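Working through the structure, step by step
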Amino acid sequence: MSNVLYHNIAKWTPVSLSPMLGLGVTYFVSFVLCVIGYYFTGGGIRNDIQDLN
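Residues numbered from 1 in each chain as written. Predicted model: local features only at pLDDT ≥ 70, side-chain atom pairs only at ≥ 80, totals over all residues. Heavy atoms only, no water.

Let us now look at the overall build of the chain. Along the chain, the regular secondary structure elements total 3 helices and 0 strands. Of the regular secondary structure in the chain, the N- to C-terminal order runs α-α-α. Scaling as 2.2 N^0.38, a compact globule of 53 residues should have a C-alpha radius of gyration of about 10 Å, whereas the chain reaches 15 Å, well beyond that. Its C-alpha atoms put the chain at 45 × 20 × 15 Å along the principal axes. Looking at the chain as a whole, 4% of its 53 residues qualify as buried. Working note: accessible area of the chain is about 5000 Å², and carbon and sulfur atoms make up 70% of it. (Helix = DSSP H or I, 4+ residues; strand = E, 2+ residues; numbered from the N terminus. Rg over C-alpha atoms; globule rule 2.2 N^0.38 Å. Buried < 20%, exposed > 50% of the residue type's maximum accessible area, 1.4 Å probe, protein only. Areas by Shrake-Rupley, 256 points an atom, 1.4 Å probe, with all protein chains shown as cover.)

Below you can see the structure in the form of structure tokens.
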């Protein structure tokens, strides 16, 4: 699903836009969505980091 969304957004991106800027914005939006999803699923960053050790 993410691959399909990426390619659709790439088609909608203006040609004059810097490819690095487009890629950076794409990764930033993905990061924000992951953080939101993490907290909505009941994630607690402090407890999860302690569980790693």
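That shown, we press on.
A ring pair, where both rings are aromatic, is described by two values, the distance of the centres and the angle of the planes. Under the defined criterion, the tally for this structure stands at 1 aromatic pair. Measuring from ring centre to ring centre gives 5.3 Å for Tyr 38 and Tyr 39, while their planes differ by 80°; the resulting arrangement is edge-to-face. Exposure remark for Tyr 38: the relative accessible area of 26% places this residue in the partly exposed category. Owing to a relative accessible area of 47%, Tyr 39 belongs among the partly exposed residues under this scheme. (Phe/Tyr/Trp six-rings, centres within 6.5 Å; stacked < 30°, edge-to-face > 60°.)

This brings us to the layout of surface pockets. Approximately 220 Å³ is the volume found for the second largest pocket. Elements with a minimum of two residues in the lining of the second largest pocket: helix H1 (2–12) and helix H2 (19–40). Broken down by element, the residue count for the lining of the second largest pocket peaks at 5 residues, all from H2. Residues of the lining of the second largest pocket, tallied by class, amount to 8 nonpolar, 3 polar and no charged. (1 Å grid on protein atoms, 1.4 Å probe; cavity = no way out; pocket = protein on both sides within 12 Å on 5 of 7 lines; lining within 4 Å. Points joined across faces, edges and corners; volume = space filled by probe spheres on them. Nonpolar A, V, L, I, M, F, W, Y, C, P; charged D, E, K, R; others polar.)

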